[in-house]
Each structure stands twice: as C-alpha cells, then as structure tokens.
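Residue-level structure breakdown
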Amino acid sequence: MVASEFSVLRSADSTTSAGLPIATMNRDTISLLGLRIYAYHGVLEEEKAAGQDFVVDVTLDVDLTGPASSDDLADTIDYGALAAAIHERVAGEHWNLIERVAGRVADLVMEDERVVGVEVRVHKPSAPIAVPFDDVVVELQRSR
C-alpha cells in the first residue's frame, strides 16, 4: 500500500469503533512502579495482625498531548499526588484479597475523568505460601 492509499483509507474511516476520532488515539501512559506500602491485607489472622509489604504498580492511559505542549502540571495527572493517594488507600483500608486491593486502586485512578484506562498490579512478595516463590501478583485492567 502506498502512502496516498493509506491517506484515503484513513479519511474514509476517520473514527474508531468507539466513535472517537482517529487523531485522538494516542497511546500515552503514566506509570508509577514499585510503590512500597506496608499494609494489613490477607485472609489469615496473622497477616491482618502483623501486616506486610505490598508493592503496587499502576499504569494510566491518558492523553498527554496537552501537557506535552503546555508544560503545565495542571494539564496532566500529578503523579506525586496520585502516589500519595494510592498509598493512603492501600495502607488505610483492610481487605482479605489483593484482588480487592487492586480493584480499590483502579477505582481511585478512574475517578479522574482524564484517565481512559488503568492497569494495576499488586505484588505480595511475603505471601504465606509453604513453597519457595519470588512473588504473587494480581493484575487487573479497567477502561472507559
């Protein structure tokens, strides 16, 4: 296919299946990796009483066209404030399952209407498992 044929195809189908203009289909992300949070999540009473380290990774799908040109923090997601909010939620709430922890983090991130999708990974490296292992990770994805 030559460039002129590609241009014709793009102009003939200028929207996605979601009705969004193709021009807005940026794959921009902001990632917070390795947020270390001491918390009290787990099914076992020992986990609830003693607590343990959790590690949270979050990747946001967000259009960064505006902040890439404006260089203004108000035009983007303040990842410092987001990290603090995630820390507060994970440390302040108590759940049995890390699936629930990941869901609560995703809920928090999706409160910002600029975020069109999020991927959350919650690591539980000290899970009470009787055999040698490196990590337990729950990953979920949410989108609008």
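In the block above lies the structure referred to throughout.
Summary of the structure given here. Positions within a chain are numbered from 1, following the residues in the order the chain's sequence is written. Selection of residues for local features in this predicted model requires a pLDDT of at least 70, selection of side-chain atom pairs for listing and counting requires 80 or more, and totals for whole chains, interfaces and linings are taken over all residues. Where side-chain values are given, they derive from all heavy atoms of the structure, hydrogens and water being excluded.

**Re the sheet that holds strand β2 (residues 52–62)**
Strand pairing is defined by DSSP finding a minimum of two bridges between the two strands. Numbering of helices and strands runs from the N terminus, with a helix taken as a DSSP run of H or I at least four residues long and a strand as a DSSP run of E at least two residues long. Judged by pairing direction, the sheet is antiparallel, and its four strands sit side by side in the order β1-β2-β3-β4 without closing on themselves. The sheet terminates laterally at β1 (29–39) and β4 (137–143), the two strands that pair on one side only. For this sheet, the mean inter-axis angle between neighbouring strands, taken without regard to orientation, is 15 degrees. Of the pairings in the sheet, the one linking β2 to strand β3 (residues 115–123) comprises eight bridges and is antiparallel in character. The residue of β3 that forms the bridge with V58 is V120. In what follows, residue pairs with any heavy atoms lying within 4.5 Å of each other are defined as contacts. Only the stretch in contact is used when fitting a helix axis, every axis being a line fitted to C-alpha atoms; angles between N-to-C directions are given from 0 to 180 degrees. Contacts from helix α4 (residues 79–92) reach β1 and β2, with the element oriented near 35 degrees to β1. Packing against the sheet, helix α5 (residues 98–110) makes contact with β2, β3 and β4, and its axis sits at approximately 150 degrees to β3.

**A word on the pattern of salt bridges**
Salt bridges are defined as contacts in which a side-chain nitrogen from Lys or Arg sits within 4 Å of a carboxyl oxygen from Asp or Glu. Using the criterion set out here, one finds ten salt bridges in the structure. A salt bridge links K124 to E47; its shortest N-O distance comes to 2.6 Å. Linking K124 in the loop between β3 and β4 with E47 in helix α2 (residues 45–50), this pair joins segments that are 77 residues apart in sequence. Under the scheme applied here, a residue whose accessible area is under 20% of the maximum for its type counts as buried, over 50% as exposed, and between as partly exposed, the area being computed with a 1.4 Å probe on protein chains only. Relative accessible area serves as the criterion here: at 7%, E47 is assigned to the buried category. Between R89 and E111 there is a salt bridge, with the nearest N and O atoms lying 3.9 Å from each other. Of the two residues, R89 sits in helix α4 while E111 sits in the loop between α5 and β3, which places them 22 residues apart along the sequence. Classification of E111 by relative accessible area gives exposed; the value is 53%. Within the structure, one salt-bridge network assembled from shared partners comprises R89, E93, R104, D107 and E111.

Everything listed is a geometric property; what it means functionally is a separate question.
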